[in-house]
Amino acid sequence: MKTLHFSSSLLFLSVLFLSCAFLISPQSPSPSPSELPSQPPSLPPSQSPSLPPSQPPSLPPSKPPSLPPSQSTSDACKSTPYPKLCRTILSAVKSSPSDPYSYGKFTIKQCLKQASRLSKVINGYVRRVRNKPGSMTAEEIGAVADCGELAELSVSYLETVAAELKMADMMTAALVEHVNSLLSGVVTNQQTCLDGLVEAKSGFAAAIGSPMGNLTRLYSVSLGLVSHALNRNLKRFKASKGKILGGRNSTYREPLETLIKVLRKTCDNDKDCRKAARKLGELGVTSGGSILVSQAVIVGPYKSDNFTTITDAIAAAPNNARPEDGYFVIYAREGVYEEYIVVPINKKNLLLMGDGINKTIITGNHNVVDGWTTYNCSSFAVTGERFMAVDVTFRNTAGPEKHQAVALRNNAEGSTFYRCSFEGYQDTLYVHSLRQFYRECDIYGTIDFIFGNAAAIFQNCNIYARKPMAKQKNAITAHGRTEPNQNTGISIINCTIKAAPDLAADPTSTMTFLGRPWKPYSRTVFMQSYISDIVQPVGWLEWNGTTGLDTIYYGEYDNFGPGAKTDRRVQWLGYNLLDMAQAMNFTVYNFTLGDTWLPQTDIPFYGGLVRKD
């Protein structure tokens, strides 16, 4: 066992050292994590941690003017958390470009090269460990396997970014936001890997901490260069025109509610559900909103149903569908589906439709206490882009004594959930990464039950705090933003925050808070929402002493209810009472550019704040 640990770790470190060698300048070596100050890297002078997020970019000319290499390099690197390292990278390599517009593309190539090497090394290590029983605990093997999966995701994200930057004649706001989301996801994947290793108490974490730290800083530099390569002062208070994805080469379009009614009516009892697609096509295009559909299949117990499990229906979906290909619709009849479901990255444009909350139920009980990792204990996990779920319950029944037990993990770009419920206790809804939207959903939990590092917006949702174990405190949110340039955060708009029935029956048994900062740049806002008296007057809870309280961004705007009073709120530097202009930064239009991808779902949404007549 010891020999395997030693030899594998040495191989891993040697390869990573070679992979990251170019990051280290002979004159100015990049510090290891142990040499870094305890506080996170300082922000560039142009950005303060107490300011709201940057506005989406304007449309620049396809060929921006060149600057002298030294001047352009220095100016561009100011946008990154590591300007010295950035200058070293851009100046040490002969093929480095000489204009700011190309810096992002150049560093993306370097990131992809190093990420590919990392993925191969980690997955090779995973295979060797699994072939040597007893070399690691089950928890350690699970954590290392998660690292392999996350590394592969990062390679896929970087390949997508490189391809889109190469093909783009001009960087539109929608494209820049998509690229920023994927790069933010790469940084999050790296942090999730390290968090999982620490959680599993794996010595492997110490072995790879320094080389992965170097690679993380490379990702951070690339994210900073790309996200600030364009003018980001455009205020987009109006919806974009002509930028909605999808709509070409359509098979047929239907309003979402019509699609739901037709499927449910067609597939009642023992009718032949295979005729659903033909009948949908006969309805024709309507004058209202619509959703592009390629095919509809049914999951249920009847002989005429297409599949008996949701997993099999997902496997039958086409691979790597484009927006213009339309949605592959999976209608899951009323019932309890006890299966652990994964929507992989190659299954895009899936629409999972149920019969309603507490009717179509996907359930499991995996949890950390029983040996699963937080990342892979979910009853349902989705990575494929543009995933959509309507009228489904996602549940984890492990209970509070099992600690982390995820009902749904979401790291799918452009994903939407409408009229769904998420039920669990600790860590119910893992909004892991990328851009997400939740509308008219119910979320139940106790500790950190909406957590992760996505750019997630919740509109018109009900958020229910449950009764935890004795001496525990409830925190509704725990956002995990680790870099100031990540375009991530949790925005809760026009929602209701109150106690679930078990806590309502014993309201003094615990204290409930709006959130706590999981990572140093945690960003969460509650706006125009009803907050009941279940929330403590101070509003927010620290994670570990004063760590991150001056670099986080927590905000409240125009909330109401007995728990919305702000006169006794925390006095942290990172806590803000927002004005309307600041609040607009966290809307669908400005925070996720949702007006460029939500219309294709036909799910109702409002792009700005709630109007008050």
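The rules we used
- Residues numbered from 1 in each chain as written.
- Predicted model: local features only at pLDDT ≥ 70, side-chain atom pairs only at ≥ 80, totals over all residues.
- Heavy atoms only, no water.
- Helix = DSSP H or I, 4+ residues; strand = E, 2+ residues; numbered from the N terminus.
- Buried < 20%, exposed > 50% of the residue type's maximum accessible area, 1.4 Å probe, protein only.
- Contact = heavy atoms within 4.5 Å.
- Pairing = 2+ DSSP bridges.
- Phe/Tyr/Trp six-rings, centres within 6.5 Å; stacked < 30°, edge-to-face > 60°.
- Lys NZ or Arg CZ within 6 Å of the ring centre and 35° of its normal.
- Salt bridge = Lys/Arg side-chain N within 4 Å of Asp/Glu carboxyl O.
- Expected span 1.5 Å × (residues − 1).
- Bend = angle between axes of the 7 residues up to and from the residue.
- pLDDT = per-residue confidence, 0-100.

> Go over the overall build of the protein chain with me, naming the residues and quoting the values.
The helix and strand tally for the protein chain stands at 13 helices and 27 strands. Within the protein chain, the proportion of its 613 residues that are buried is 60%. Look at the contacts in the protein chain between residues 6 or more apart in sequence, and 75% of them connect residues 24 or more apart.

> Pulling in residues and values, what's your account of the sheet that holds strand β22 (residues 496-499)?
Sheet strands pair via backbone hydrogen bonds, and the direction of the pair is either parallel or antiparallel. With parallel pairing, the eight strands of this open sheet are ordered in space as β4-β7-β10-β13-β16-β19-β22-β25. Two strands lie at the open edges of the sheet, namely β4 (335-337) and β25 (530-531), each paired on one side alone. Bridging between strand β10 (residues 393-396) and strand β13 (residues 421-423) involves three bridges; their strand directions are parallel. Each bridged residue has a counterpart across the sheet, and for R395 the counterpart in β13 is E423.

> Would you mind going over the packing of aromatic side chains in detail, with residue names and values included?
Overall, the coordinates contain 20 aromatic pairs when judged by the stated rule. Between F387 and F417, the aromatic rings sit 5.7 Å apart at their centres with planes inclined by 50°, giving tilted as the arrangement. Highlighted residues: F387 in the loop between β8 (380-382) and β9 (388-390) and F417 in strand β12 (residues 415-418), separated in sequence by 30 residues. When the ring of F526 is compared with that of W540, the centres are 5.8 Å apart and the planes differ by 70°; the resulting orientation is edge-to-face. Taken together, the residues span a long stretch of sequence, with F526 in strand β24 (residues 523-527) and W540 in the loop between β25 and β26 (553-557) at a distance of 14 residues. Here F526 falls in the buried class, since its relative accessible area comes to 0%. For W540, a relative accessible area of 2% gives the class buried. Over the face of the ring belonging to Y425 we find R466, whose NZ or CZ atom lies 4.4 Å from the ring centre. In this structure, R516 packs its charged tip against the face of W543, placed 3.8 Å from the ring centre.

> Can you explain the environment of K519? Please cite residues and give values.
With respect to the secondary-structure elements, K519 resides in the loop between β23 (512-515) and β24. Sequence separation between K519 and T482 is 37 residues; the distance between their C-alpha atoms is 5.7 Å. Contact partners of K519, with chain neighbours within four places excluded, come to Q191, D195, H479, G480, R481, T482 and I552.

> Residues and numbers for the pattern of salt bridges, please.
Summed over all chains, the structure comprises 17 salt bridges. For D370, the salt bridge goes to K402, with nearest N and O atoms at 3.0 Å. Within this pair, whereas D370 is found in the loop between β7 (360-364) and β8, its partner K402 is found in the loop between β10 and β11 (408-410), the two being separated by 32 residues in sequence. Residue classification places D370 among the partly exposed positions, given a relative accessible area of 46%.

> Account for unusual backbone geometry, naming residues and giving values.
Of note, the phi angle at K201 is positive, near 55°, even though the residue is not glycine. The topology assignment puts K201 in the loop between α6 (173-199) and α7 (204-227). Since its relative accessible area comes to 76%, K201 is described here as exposed. The phi torsion at Q528 lies on the positive side, around 50°, for a residue other than glycine.

> Report on α7, specifying residues and quantitative values.
If you check α7, its first and last C-alpha atoms are 32 Å apart, about what 24 residues at 1.5 Å a residue would give, namely 34 Å. A bend of about 45° at S210 is the largest found in α7, and the proline P211 appears one to four places after it. With 21 of its 24 residues buried, α7 lies for the most part within the structure.

> Outline the confidence of the model for the protein chain, supporting the account with residue identities and numerical values.
Taken residue by residue, the protein chain gives an average pLDDT of 82. The fraction at 70 or more is 78%. Counting interchain partners and residues more than four positions distant, the pLDDT-below-50 stretch residues 231-250 has 52 contacts. Segment residues 271-288 is flagged for pLDDT under 50; beyond a separation of four residues in sequence, or across chains, it makes 30 contacts in the model.

> Give me the pairing of strand β17 (residues 447-452): which residues, what numbers.
Counting buried positions along β17 gives six out of six residues, so the element sits mostly inside the fold. Across two bridges, the pairing between strand β14 (residues 429-431) and β17 is parallel. Looking at β17, one finds that L429 is bridged to I450. With four bridges joining them, β17 and strand β20 (residues 474-479) adopt parallel strand pairing. Bridged to I450 within β20 is T477.

> Lay out the environment of I603 in plain terms, naming residues and giving numbers.
With respect to the helices and strands, the residue I603 is situated in the segment after α13 (588-591). Take I603: its relative accessible area is 4%, and that puts it in the buried class. Put simply, I603 and S290 are 313 residues apart on the chain and 9.3 Å apart in space, counted from C-alpha to C-alpha. If sequence neighbours within four positions are ignored, I603 has contacts with L256, M388, T416, Y418, F437, R439 and L598.

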